[in-house]
Amino acid sequence: MHLHLTPELRAIIERRVKSGKYASAGAFVRDLIRDAAPLDQRPRPGELKRLKADVKRAIAALDAGRGKTVRTARQLAAHLRNL
């Protein structure tokens, strides 16, 4: 893969490598990508809104006595399979 960088970005990478924190420009870029990866896993705004609404409905159902008590992981797994 080839990247075209502005002189400013190239200078940032070169400073980081010269600082000794990174052995190479590639090591610096890999570290940046690893740090950014969790950002891809964040929910999108619409997904978060739906998730919050689902949680509110679930809490209301529990408050209304429509919950189910399970005592073991096996019972929980069986219950979840039947949803």
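Everything that follows concerns the structure shown earlier in this document.
Once a new chain begins, its residue numbering starts again from 1 and follows that chain's sequence as written. Given that the model is predicted, a residue must reach a pLDDT of at least 70 before its local features are reported, and side-chain atom pairs must reach 80 or more before they are shown or counted; all residues, however, enter totals for whole chains, interfaces and linings. The basis for the side-chain values is all heavy atoms of the structure; hydrogens and waters are excluded.

Q: What exactly am I supposed to notice about the overall build of the protein chain here?
A: Each helix and strand in the protein chain was counted, giving four helices and zero strands. For 83 residues, the compact-globule estimate of 2.2 N^0.38 gives 12 Å, and the protein chain exceeds it by more than 25% at 24 Å. Once the C-alpha set of the protein chain is aligned to its principal axes, its extents read approximately 65 × 30 × 25 Å. Split into buried and exposed, the 83 residues of the protein chain put 6% on the buried side. On the protein chain, roughly 7800 Å² of surface is accessible, and the fraction owed to carbon and sulfur atoms is 57%. A positive count includes Lys and Arg, and a negative count includes Asp and Glu. His and the chain ends are not counted in either. A charged residue contributes its charge at one atom only: NZ of Lys, CZ of Arg, CG of Asp or CD of Glu. For the protein chain, the distance from the average position of its 19 positive side-chain charges to the average position of its 8 negative side-chain charges is 8 Å. Runs of E in the DSSP output that reach at least two residues are strands. Runs of H or I that reach at least four are helices, and both are numbered from the N terminus. Only C-alpha atoms enter the radius of gyration, while the globule expectation follows 2.2 Å times N to the 0.38, with N the number of residues. Think of it in three bands: with a 1.4 Å probe and only protein chains considered, a residue is buried below 20% of the maximum accessible area for its type, exposed above 50%, and partly exposed in between. Computed by Shrake-Rupley with a 1.4 Å probe, the accessible areas treat only the displayed protein chains as cover when residues are assessed.

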